[in-house]
Amino acid sequence: MRKKYDIVIVGAGPAGLMACRNIVFQDRSVSVAIIEKESFRNEHIICGEGVYKFPFYELLEPKQEWIRFVVPNLVLHSPNNTTVTYVEPTNVGYIIDRSLMQYDLLKHCTEKGVDCILGKRVTRISPIDNDHLRTVQLNTRESIKARVVVDCSGVLNKFGVNEDIICKPRNMEIGILAYLSNVRTDEKSIHMHIGSQIAPGGYGWIFPRSKDSVNIGIVVAHQFLKKCSVKMLLKTFIKRCYPKATVEKIMAKPIAVFTQERALAIDGLIKAGDAACLVNPVKRSGITEAMMSGKIAGQFALEMLLADNHIGIISACKGYEKIIFEKLSRRFYRLAKGVKILCRIPDNDLDAGAEILRSIPSNELTISRIFKATISKYPKLLWALRYYL
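Just so it is clear, the model here is predicted, and its values are computed rather than measured.

Comments concerning the pattern of salt bridges
- Within the structure shown, the criterion is met by 12 salt bridges.
- A salt bridge links D97 to R68; the nearest nitrogen and oxygen atoms lie 3.5 Å apart. Within this pair, whereas D97 is found in the loop between β7 (93-96) and α3 (98-111), its partner R68 is found in strand β4 (residues 67-71), the two being separated by 29 residues in sequence.
- Classification of R68 by relative accessible area gives partly exposed; the value is 26%.
- Across the pair D164 and R262 runs a salt bridge whose closest N-O atoms are separated by 3.8 Å. Here the residue D164 occupies a position in the loop between β11 (143-151) and β12 (172-181), and R262 occupies one in the loop between β16 (246-256) and β17 (265-266), the gap between them amounting to 98 residues.
- Judged by relative accessible area, D164 falls into the exposed class, the value being 54%.
- Here the salt bridges share partners, and the residues they tie into one network are E49, R68, D97 and R209.

Quick look at the packing of aromatic side chains
- Summed over all chains, the structure comprises seven aromatic pairs.
- A ring pair is formed by F258 and F332, whose centres lie 5.3 Å apart and whose planes are at 80°; its orientation type is edge-to-face. Here F332 lies in helix α6 (residues 310-342) and F258 lies in the loop between β16 and β17, a separation of 74 residues in the sequence. For the pair F258 and F332, one class covers both residues: buried.
- These aromatic residues form a ring-pair network of at least three members: F258, F325, F332 and Y333.
- It is R209 that lies over the ring of Y179; its NZ or CZ is 4.9 Å from the centre.

With respect to the nonpolar core
- With 74 residues, the main nonpolar core has I7, I9, F56, I270 and Y320 as its most contacted residues.
- Among all residues touching I270, those that are not within four sequence positions of it are V148, V149, V150, D151, L264, A265, A297, F300, A301, M304 and Y320.

Observations concerning the environment of R28
- If you trace the backbone, R28 turns up in the loop between α1 (14-26) and β2 (32-36).
- Note on R28: relative accessible area 52%, which makes it exposed.
- Placed 196 residues apart in sequence, R28 and F224 show a C-alpha to C-alpha distance of 48 Å.
- Here K112 takes part through its backbone oxygen, which lies 3.4 Å from a polar atom of the side chain of R28.

A closer look at the sheet that holds β12
- Pairing within the open sheet is mixed, and its seven strands lie in the order β6-β5-β13-β14-β15-β12-β16. Looking at the sheet topology across the chains shown, the edges are occupied by β6 (83-87) and β16. Recorded for the sheet is a direction-independent mean angle of 20° between the axes of neighbouring strands.

Topic: the sheet that holds β4
- One open sheet accounts for three strands, arranged β3-β7-β4; its pairing is antiparallel. Two strands in the sheet have a free side with no partner beyond their single neighbour: β3 (50-52) and β4. Strand-to-strand twist in this sheet, taken as the mean axis angle between neighbours without regard to direction, amounts to 30°.

Conventions and cut-offs
Residues numbered from 1 in each chain as written. Predicted model: local features only at pLDDT ≥ 70, side-chain atom pairs only at ≥ 80, totals over all residues. Heavy atoms only, no water. Salt bridge = Lys/Arg side-chain N within 4 Å of Asp/Glu carboxyl O. Helix = DSSP H or I, 4+ residues; strand = E, 2+ residues; numbered from the N terminus. Buried < 20%, exposed > 50% of the residue type's maximum accessible area, 1.4 Å probe, protein only. Phe/Tyr/Trp six-rings, centres within 6.5 Å; stacked < 30°, edge-to-face > 60°. Lys NZ or Arg CZ within 6 Å of the ring centre and 35° of its normal. Core = buried A, V, L, I, M, F, W, Y, C linked by side-chain atoms within 4.5 Å. Contact = heavy atoms within 4.5 Å. Polar contact = N/O pair within 3.5 Å; in protein donor to acceptor, adjacent residues only side chain to side chain. Pairing = 2+ DSSP bridges. Axes fitted to C-alpha atoms, helices over the stretch in contact; angles between N-to-C directions.

Here is the structure:
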């Protein structure tokens with residue numbers, strides 16, 4: 001570990017690894033370090049591990065061993081368990097082995113000359129000093145200087161709290177997930193459950209993990225967190241879906257509610273992924289969204305590094321925010337509006353809407369058919385759906 005780097009990346013999740021990968025791909029002469037508080041063991045990650053094929057392939061060429069399952073079906077369960085199956089013919093879902101993917105990406109970065117600092121936690125990122133450097137302080141009392149820091153550390157660290165940059169979400173939600181074994185797995189489908197008794201303002205999910213195990217979890221909207229026990233909701237959900245399963249592990253994580261009230265980049269500091277609150281308001285997650293923001297952050301970290309005056313630095317900051325808005329934030333604003341409306345739709349309307357859609361054969365269930373089926377009888381539901389399209 002050096003005392004000084006051109007670029008330091010905090011966090012070796014999807015965003016941080018893509019930032020690192022993009023930097024070394026574009027300029028091998030730049031000195032780069034990536035810092036991760038965890039060691040890289042092949043352990044279960046708090047994540048459903050689902051991605052869509054097309055955006056995944058736009059970001060990188062995945063290894064076949066990263067893909068556990070190809071999942072063409074999305075099965076939506078209404079509050080009374082009426083099911084609607086949507087079959088995606090081309091942009092199928094993948095259930096990936098995220099732990100293996102991240103290990104391979106980190107190994108690739110190491111081979112390209114990146115210093116990977118594992119098992120050490122960043123405690124502070126200082127404001128920029130007179131030498132135009134930031135100091136990254138570690139829990140081991142060591143420190144590193146960097147011209148540019150890319151923060152991909154997640155939602156809780158609040159780096160840059162006293163600067164004009166986003167450092168914490170306006171609201172937080174809780175996602176809780178269990179790893180179940182001894183179950184019959186639907187390998188071709190992702191199941192999503194909605195309803196006030198399942199996950200108020202959010203949803204429950206079931207993703208295949210292996211031939212006899214699943215990821216199952218729920219996320220609850222922030223305005224309902226004080227009115228319910230997320231852990232009890234998960235236990236009830238597991239009992240409803242898999243009463244005889246073996247619960248191997250239960251994990252919980254905070255989720256940043258999407259907001260962009262402050263800058264995403266300032267001189268020497270760029271935020272990406274969850275640290276930038278770039279969380280899909282519907283899924284409350286998004287591996288590919290984090291990877292995309294990290295890749296873009298890597299590009300503009302280089303631009304910031306090479307800028308020879310303040311105007312060039314400001315241009316890099318604004319350029320990053322513009323691309324993020326075009327690629328992610330614009331759609332996130334629309335999705336957030338739709339989520340607010342869906343939260344106010346009563347369960348019986350959701351059930352009735354599901355009954356209508358269920359009458360349409362799955363191979364004929366298209367966006368236009370959804371519009372035609374719901375426009376006259378359930379305008380509130382249609383009003384919410386329009387933000388998703």
